[in-house]
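# Secondary and tertiary structure notes
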There are 2 protein chains.
Amino acid sequence: MDILDIQTFSIIVSVVALLFAAYMFHWVKKQPSKNETIKKLSKIIRQGARTFLRREYMVLSCFAGFCAVLILFFLPKPIWQDGAIRNMVMASSYLAGTIISAIAGKIGIEVATIANAKSAEAAKKGIKPAFLTGFRGGSVMGMAVVGASLLGVSILCLLTKDSSAILGFSFGASSLALFAKAGGGIFTKTADISADLTGKVELGIPEDDPRNPAVIADNVGDNVGDVAGMGADLFDSNVASMAAALVIATTLDNSMNTSLHTVMVFCFASLGLLASIIGVLFARIGKKGNPTHALNNSTYITTFLYIVFTAIATKLYNLDWRIWGACIVGLIVGVVVGITTDYFTNDEKKPVKEVAKASNSGPAFTILSGISYGFLSVLPAMIGIGVAALIAYNLCAPIDATYSLEYSLFGISMSAVGMLSIVGMIVSNDAYGPIVDNSRGLAEMGNLGDDVLKITDELDSAGNTVKAITKGFSIAAAGLTVIALLGAFMNEVNAVAVQNGLEKITGFDVMNPLVFFGMLIGAAIPAVFSAILILGVNKNAQRMVKEIHRQFNEIPGIKEGTVQPEYDKCIDIATKGSIKELIPAGLTSIIATVIVGFVGGVHAIGGFLTGNIVSGLLLALFMSNSGGLWDNSKKYIEAGNEGGKGSQAHKAGVIGDTVGDPFKDTAGPSINTQITVISLISSLCASLFFTYALFK
Amino acid sequence: MDILDIQTFSIIVSVVALLFAAYMFHWVKKQPSKNETIKKLSKIIRQGARTFLRREYMVLSCFAGFCAVLILFFLPKPIWQDGAIRNMVMASSYLAGTIISAIAGKIGIEVATIANAKSAEAAKKGIKPAFLTGFRGGSVMGMAVVGASLLGVSILCLLTKDSSAILGFSFGASSLALFAKAGGGIFTKTADISADLTGKVELGIPEDDPRNPAVIADNVGDNVGDVAGMGADLFDSNVASMAAALVIATTLDNSMNTSLHTVMVFCFASLGLLASIIGVLFARIGKKGNPTHALNNSTYITTFLYIVFTAIATKLYNLDWRIWGACIVGLIVGVVVGITTDYFTNDEKKPVKEVAKASNSGPAFTILSGISYGFLSVLPAMIGIGVAALIAYNLCAPIDATYSLEYSLFGISMSAVGMLSIVGMIVSNDAYGPIVDNSRGLAEMGNLGDDVLKITDELDSAGNTVKAITKGFSIAAAGLTVIALLGAFMNEVNAVAVQNGLEKITGFDVMNPLVFFGMLIGAAIPAVFSAILILGVNKNAQRMVKEIHRQFNEIPGIKEGTVQPEYDKCIDIATKGSIKELIPAGLTSIIATVIVGFVGGVHAIGGFLTGNIVSGLLLALFMSNSGGLWDNSKKYIEAGNEGGKGSQAHKAGVIGDTVGDPFKDTAGPSINTQITVISLISSLCASLFFTYALFK
């Protein structure tokens, strides 16, 4: 297979995915919506989300512009050394990465804030059309994200033929993801916590009551955090996994004077998108069907199709079966990690029940037992990622004895590509969640009646279950990707070494104190990053609670429901605060990387990345899982267990849930992005660190 | 200086320390005690502690016997390969390590449970004699621990001339520390939490009220957790740091046909003990003096003396100044880490105040802000340990170009020896804490009046402040020690490699997937270990609460104070439960090590240890510091801030404190021991893993 052929094929598949997204968008928009209240509220949510995105993108464009200028002057090498052309390519690729990811996020938000109202309306006719509307809305995001990322990488590769440019593109996507995921995470939890504290706790009104000034901000938050944030996160992971694989493939291709390895990356990635498109088409539900099964079935179908497609391609084009094996191992481990994660957050399993039981003794025990199960939950995923890397290595190292290190790294990176192959399906499932969550809220606010509420509740609950699984999946995928990025970093370092006539490095030895020094600091960064984000949510929530109290005191009629609260003020506070609180967290990680790099050079950075990956995975899994566990254990109590609503256990469960909120929706999932960002910065600055470090 | 001379000198210093401990013991015992209630209660506490120790040592002796048999058959090599003699030496050294540490713990408990009553009685005469009694009681433990460890290592070295035997001795000390620290930690928190829940919360009676059946168990817990546990922990760290240094020194000595490096280890370690003896003698307080200053001053005096002594020795005997430098860097970093730890737990600094302020919004915010500051607190210590290792490396690597790796490792290990040099002083300060904590309780139960209570309160508060600092210190010391142990492990592996005519390994490369695989699993272990311990405390506390409720219901007159509760039943539950809950935690870590070793060989173990150290330090610092932070922020509120006792903030603060209890007194400080145990197992099993691993 020729490299041009496969890149053309990738571009075609991407365009098909984007057209498919456009069709689905059109289809969702065409669905009827009659209820005036819902229409009005949905419009407010849409406008709130747009306001957030506009402001976020404005700050981001300053940030991205600043970064682009830095890149132009310094990366991959200072402009006075190698001339401007490569630097200009790099800076443009970086900007392209941010812009394309931003557009995908914008599309996702637009469709999600339309689909929520349509799905609520459709629920009047039964679960089948309501599910379809929600899911097709989600699939627009899924197809847009994966189509756009594959299209971007393919075109960039075609134009520049430079895998470092892909690293720049990937760094652009990561910058955006950092804003979208961490900023969106702060936004959504600020609104959620403030709405709960003032509404449920102080006034005793229900969750989605329109009298609460923060209620719309809360709904906006679901969209900006879960739709735009999660989309940007997986866009980022997907691009990063391809970038890492392409950097390593280029080394192999150059050494062997072939294009085979680059071909494999594009081939396996585009077949994944193809499988996802078909999987999405298959997502159907019967009249009384179970939405969880429908979502899971289409994931299994996609997985199955992917295995078959890639096997056929491997056979037809005589690709290496060992690399196919590495790819499939990644995919299977991803699914297994998803399932074990489910054990720790599923309300039919022991952990959720035990935490609910412990809540009887008071909130301290809710917290202690939740933290303990959260700690336990990291083990299977860590083992899974380690085993995947080990198998991929052992499969691929024997391919060529001369290049066994390169092949083994390529195997690991292809394992990450394999795990992320079905990401189109995963994003579709994941974006479905906030859409139906929103429609549940809208159905309540629009008084659509108990039957409709029952349907939207069922759809919402399926969304939560699937969300837990996809979260485990995306953390595992990020884990493998960053191991591959570590390999990419070493390749970049060696490229510089060869240019300078120096010896190549073969790895990062933990017995080298520079490596160990970097590792200790790198390990501390995810903890510091999480701390800053959580404290940010705290501070921002306090600001919003103050505003809500002001509205309650100064505007008569709000509490009685005769006057509409000033929803936009709350949205404004959440927006401004989230961006303000996010910046120190992002800067700390970036500055730490640069300091460690200039102090300890590439060895310290190797250790820094390793420590960061290891502790980042640990904390991300811990926080995401314990957060999900507390959420579901509160719901389990609310379903009538351990005394049900209003009991001592319920009060403790609510406290656990509040602690878990920023764990699972702000800090936990943002750590992925933090790891990717600093991995990419390290690769991009490899030459600088190599040349200008204090110790070497 | 001859090796025999220095070993003789070490033995003399150790004996002086032990005699000094005996004199102090005698002095404390001679102090008057008249109050009958106090005498009776003190006796009950002493008997409770004895019961716990007896039962713990019984289980431990089964465990140790089993381990000794395993060692006899398999370590350092299977008995059928090299004959029985080295294995017998190893097994005996192991048993000696457990027994000597056990005896030191027993002495500490005996004196602590006498000194508590004497100090309470002395408080009637003023702060000066009360402080002196408490501190001298603590110093018995300090001198016994350090004297016994140095004596044991010196004699063993003299007899066996085999540094591997010291590893066996160290493993014995670690086994005991695991039981003492983790078991004691479960005991003390079981009692503390149950006493609080039933006494303070349900009945609304004060903390040390004798009507509470768990109150004596709580006092016993202070002794078994903080005195025996902490003593065994630092005995363990001290021996491990010497063992690591001696293993590396032997390699250097053998290569250069000298005994200089071994001499340095003994010289620097025994001068530390000498400095501590003098420092303890200097701990004085004026009639209206400040006990915190007195404790800190004697630490500074010890540090100063140590620097002077070692400088003189280096000059006199022409030792290497670079190694002296590494040693002093370790000591200084230890003190700096202690001071930064203080920032996060001191009630005059921002974190404690902020957490107290956040408590106004409810317990969820107490928890979230405490976790955040706990996360932030890891950064300075991680940087400190990394910088110490880096400086030690860079100082010592240039000593000899041929042996630069060995010298750099020796530098790091001497840096750990330096940090632990003043451990005699540290243990004395640390054991002072629970003694005066107990005397405060006894003074209240014995109705000694408000003046006495004021004095004991002041002594107690000084104990808490000093405890926070020494905890940071001991985690940092363990961190450096285990880095040195990693070096010792590599030396053991290379000794095997040389014997088998194979190539030496030069390190553990993170780009080797075996290393990475080990690292991911190793990083998960401290989380799993902590989870099992915390869940153990939960379970055990539930059992004890049940028992207390039974006593309240079945024995009339308890609540009124006319009938004495059955204290021993509660002590019994805490004892049995703590041992039962500890075993799975210990076994999980040990079995994981053995599995990883037999699957991935020495490279996977190298990664496993690295991951374990990095995530272990992170979690240990996080849990110890956030626990201390919550404790002090509750006390800060109780002192009248943020609404004072009974306010909303206070309730939230109490919940934070309960969450923090097993963090800071069970899981956090036990992680040290867990890391040391698996590091030593790895070194001991190096030959087995090298020969029989599945992958290599």
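Residues numbered from 1 in each chain as written. Chains lettered and ligands numbered in written order. Predicted model: local features only at pLDDT ≥ 70, side-chain atom pairs only at ≥ 80, totals over all residues. Heavy atoms only, no water.

## Structural notes on the overall build of chain A
Which entries qualify depends on this criterion: Numbering of helices and strands runs from the N terminus; a helix is a DSSP stretch of H or I covering at least four residues, while a strand is a stretch of E covering at least two. Here the globule rule is a power law, 2.2 Å times the number of residues to the power 0.38, and the radius of gyration is based on C-alpha atoms. Two residues form a contact once any of their heavy atoms are found within 4.5 Å. Here the open area of atoms and residues is found with the Shrake-Rupley method and a 1.4 Å probe, where only the protein chains shown may cover a residue. All tallies of charge rest on Lys and Arg as positive and Asp and Glu as negative; His and the ends of each chain are not included. Every charge is mapped onto a representative atom, which is NZ of Lys, CZ of Arg, CG of Asp or CD of Glu.
When its secondary structure is counted, chain A shows 19 helices and 0 strands. Over its C-alpha atoms chain A spans a radius of gyration of 24 Å, differing by no more than 12% from the 26 Å that the globule rule assigns to 696 residues. Expressed as lengths along the three principal axes of its C-alpha atoms, the size of chain A is roughly 75 × 50 × 45 Å. In chain A, the share of contacts with a sequence separation of at least 24, taken over all contacts with a separation of at least 6, comes to 83%. Total accessible area computed for chain A in this model is approximately 21700 Å², and 61% of it derives from carbon and sulfur atoms. Side chains of chain A give 51 positive and 51 negative charges; the mean places of these two sets differ by 5 Å.

## Details of the interface of chain A and chain B
The condition that has to hold: Just to be clear on terms, a salt bridge is a Lys or Arg side-chain nitrogen sitting within 4 Å of an Asp or Glu carboxyl oxygen. We define a polar contact as two N or O atoms separated by no more than 3.5 Å, with the added condition that, inside protein, one atom must be a possible hydrogen donor and the other a possible acceptor, whereas residues neighbouring each other in sequence contribute only through side-chain atom pairs. Classification used: nonpolar for Ala, Val, Leu, Ile, Met, Phe, Trp, Tyr, Cys and Pro, charged for Asp, Glu, Lys and Arg, polar for all others including Gly.
Taken together, the contact pairs 70 residues of chain A with 69 residues of chain B. One can count 0 salt bridges joining chain A with chain B. Here chain A is connected to chain B by 4 residue pairs in polar contact (both at pLDDT 80 or more). At the level of elements, α6 (163-203), α12 (363-396), α13 (404-419), α15 (450-499), α16 (513-554), α17 (567-638) and α18 (648-684) of chain A are the ones that each hand at least two residues to the side of chain A that touches chain B. The element best represented in the side of chain A that touches chain B is α12(A), accounting for 22 residues. Classifying every residue of the side of chain A that touches chain B gives 55 nonpolar, 14 polar and 1 charged.

## What about the relation of the copies chain A and chain B?
Stated formally: To superpose the copies, least squares is applied to the C-alpha atoms of every residue with a pLDDT of at least 70 in both.
Screw-axis analysis of chain A against chain B gives a translation of 0.0 Å along the axis, an RMSD of 0.1 Å, and a rotation angle of 180 degrees. Overall, the copies show the geometry of a two-fold rotation axis. When each C-alpha of chain A is compared by its distance to the rotation axis, Asp509(A) comes out closest, at 2.1 Å. Taken as a fraction of all interface residues of chain A, those also at the interface in chain B reach 99%, which identifies the copy contact as same-surface.

## Section: the state of the cysteines
Test applied: Note that a disulfide, as used here, is simply two cysteine sulfur atoms within 2.5 Å.
Taken as a whole, this structure holds 0 disulfides over all chains when the rule is applied. Cys62(B) forms no disulfide, and the closest cysteine sulfur to it belongs to Cys67(B), at a distance of 11 Å.

## Some words on the packing of aromatic side chains
Stated precisely, the cut-off is as follows: Stacked, edge-to-face and tilted are the three classes for Phe, Tyr and Trp ring pairs, Trp counted by its six-membered ring, which pair at centre distances within 6.5 Å; planes under 30 degrees apart are stacked, over 60 edge-to-face, the rest tilted. Exposed residues in this analysis have more than 50% of their type's maximum accessible area, buried residues have under 20%, and partly exposed residues fall in between, with area computed by a 1.4 Å probe over protein chains only.
If you walk through the whole model with that rule in mind, you get 26 aromatic pairs over all chains. Ring geometry for Phe598(B) and Phe689(B): centres 5.2 Å apart, planes at 85 degrees, overall edge-to-face. Taken together, the residues span a long stretch of sequence, with Phe598(B) in helix α17 (residues 567-638) and Phe689(B) in helix α19 (residues 686-692) at a distance of 91 residues. Owing to a relative accessible area of 33%, Phe598(B) belongs among the partly exposed residues under this scheme. Given the relative accessible area of 1%, Phe689(B) is considered buried. An aromatic cluster of three or more residues is present, and its members are Phe375(A), Phe622(A), Trp630(A) and Phe663(A).

## Regarding the packing of helix α16 (residues 513-554) of chain B against α17(B)
For any two helices packed against each other, the geometry is given by the interaxial angle and the distance between the axes. Residue and element names in this part refer to chain B. Applicable threshold: Lines fitted to C-alpha atoms define the axes here, with helix axes fitted over just the stretch in contact, and angles between the N-to-C directions of these axes take values from 0 to 180 degrees. Throughout this description, any angle smaller than 35 degrees is read as roughly parallel, any larger than 145 degrees as roughly antiparallel, any in the 65 to 115 degree range as roughly perpendicular, and the remainder as oblique.
Remark: α16 packs on α17, axes separated minimally by 7 Å, with the N-to-C direction vectors making an angle of 175 degrees. Between α16 and α17, the crossing angle belongs to the class labelled roughly antiparallel. A breakdown of the residues in the contact of α16 with α17 according to their chemical character gives 27 nonpolar, 19 polar and 7 charged.

## Remarks on unusual backbone geometry
Outside of glycine, negative phi angles account for most residues, and trans bonds account for most peptide bonds. Residue and element names in this part refer to chain B. A positive phi angle, near 55 degrees, is found at Asn257, a position not held by glycine. Mapping Asn257 onto the fold places it in the loop between α7 (215-256) and α8 (260-282). The phi dihedral of Glu642 falls on the positive side, at around 50 degrees, and the residue is not glycine. Within the element layout of this structure, Glu642 appears in the loop between α17 and α18 (648-684).

## Notes on the environment of Ser149(A)
Residue and element names in this part refer to chain A. Relative to the elements of secondary structure, Ser149 occurs in helix α5 (residues 127-160). Among the residues examined, Ser149 registers a relative accessible area of 1% and is labelled buried. C-alpha separation for the pair Ser149 and Ala243, spaced 94 residues apart in sequence, amounts to 11 Å. What Ser149 contacts, discounting residues up to four positions off in sequence, is Phe169, Phe235, Asn238 and Val239. At a separation of 3.0 Å, a polar atom in the side chain of Ser149 contacts the main-chain carbonyl oxygen of Val146.

## Digging into the side chain of Asn438(A)
As for its position among the elements, Asn438(A) is in helix α14 (residues 423-445). We classify Asn438(A) as buried; its relative accessible area is 0%.

## Digging into the pattern of salt bridges
Residues and elements named next belong to chain A. Going through the model one piece at a time under the given rule, you end up with 46 salt bridges over all chains. As a salt-bridge pair, Lys576 and Asp572 come within 3.4 Å of each other at their nearest N and O atoms. A residue pair is termed a helical-turn pair when its members lie 3 or 4 positions apart in one helix, as Lys576 and Asp572 do in helix α17 at 4 residues. Of the residues examined, Asp572 reaches a relative accessible area of 24% and is grouped as partly exposed. Across the pair Lys635 and Asp631 runs a salt bridge, and its minimum N-O distance is 3.5 Å. Here Lys635 and its partner Asp631 are both found in helix α17, 4 residues apart, which amounts to about one turn of the helix. A relative accessible area of 33% means that Lys635 is categorised as partly exposed.

## Considering the environment of Gly472(A)
All names here are of chain A. With respect to the helices, strands and loops of the structure, Gly472 is situated in helix α15. For the pair Gly472 and Trp321, spaced 151 residues apart in the sequence, the C-alpha separation amounts to 28 Å. Beyond its immediate stretch of four places on either side in the chain, Gly472 contacts Val337 and Thr341.

## Here we look at the packing of α6(A) against α17(A)
Residues and elements named next belong to chain A. The following threshold applies: Two helices that cross are described as forming a left-handed crossing if the nearer one is turned anticlockwise from the farther one by less than a right angle, and a right-handed crossing if clockwise.
One way to put it is that α6 packs onto α17 with a least axis distance of 7 Å and a crossing angle of 30 degrees. One element, α6, and the other, α17, form an angle in the roughly parallel class. As for the relative orientation of α6 and α17, their crossing is left-handed in sense. Residues Leu178, Phe179, Ala182, Gly183, Ile186, Phe187 and Lys200 of α6 form the contact with α17, whose participating residues are Ile571, Ala574, Thr575, Ser578, Glu581, Leu582, Gly586 and Lys634.

## Here we look at the confidence of the model for chain A
All names here are of chain A. Cut-off, in case you're wondering: pLDDT measures how confident the predictor is about each residue, on a scale from 0 to 100.
Averaged over chain A, the pLDDT score is 88; the fraction of residues at 70 or greater is 100%. Helix α11 (residues 350-358) holds the highest mean pLDDT among the elements of chain A, 93, whereas helix α3 (residues 79-82) holds the lowest, 78. If you check the scores for this complex, the pTM reads 0.92 and the ipTM reads 0.91.

## Describing α18(A)
Residue and element names in this part refer to chain A. Spelled out, the test is: Here the expected span of a helix is defined as 1.5 Å times the quantity of residues minus one. Bending is quantified residue by residue as the angle between axes fitted to the seven-residue window ending at that residue and the seven-residue window starting at it.
In this model, α18 (37 residues) spans 54 Å end to end at C-alpha, consistent with the 54 Å of a helix rising 1.5 Å per residue. The sharpest bend along α18 measures roughly 35 degrees and falls at Lys664. For α18, the buried fraction is high: 34 of the 37 residues fall into the buried class.

## Some words on helix α8 (residues 260-282) of chain A
For α8(A), spanning 23 residues, the distance from its first C-alpha to its last is 33 Å, which sits close to the expected 33 Å at 1.5 Å a residue. Burial within α8(A) is extensive, with 18 of its 23 residues counted as buried.

## As for a nonpolar patch on the surface
Residues and elements named next belong to chain A. Which entries qualify depends on this criterion: Patch definition: residues with relative accessible area over 30% and no salt bridge; like charges joined within 9 Å; nonpolar side chains (Val, Leu, Ile, Met, Phe, Trp, Tyr) joined within 5 Å.
On the surface, a nonpolar cluster with roughly 820 Å² of combined accessible area is contributed by Phe66, Val69, Leu70, Phe73, Phe74, Trp80, Phe598 and Tyr692. Note on placement: Phe74 falls in helix α2 (residues 36-74). Judged by its relative accessible area of 35%, Phe74 is partly exposed.

## Here's the deal with the environment of Val335(A)
Residue and element names in this part refer to chain A. When you line up the elements, Val335 lands in helix α10 (residues 321-345). Given the relative accessible area of 21%, Val335 is considered partly exposed. As a C-alpha pair, Val335 and Ile475 span 140 residues in sequence and 12 Å in three-dimensional space.

## What to know about the side chain of Ser241(A)
Residues and elements named next belong to chain A. Considering the arrangement of structural elements, one finds Ser241 in helix α7 (residues 215-256). Judged by relative accessible area, which is 2%, Ser241 ranks as buried. The contacts of Ser241, once residues within four sequence positions are left out, are Ala416, Val417, Leu420 and Thr481.

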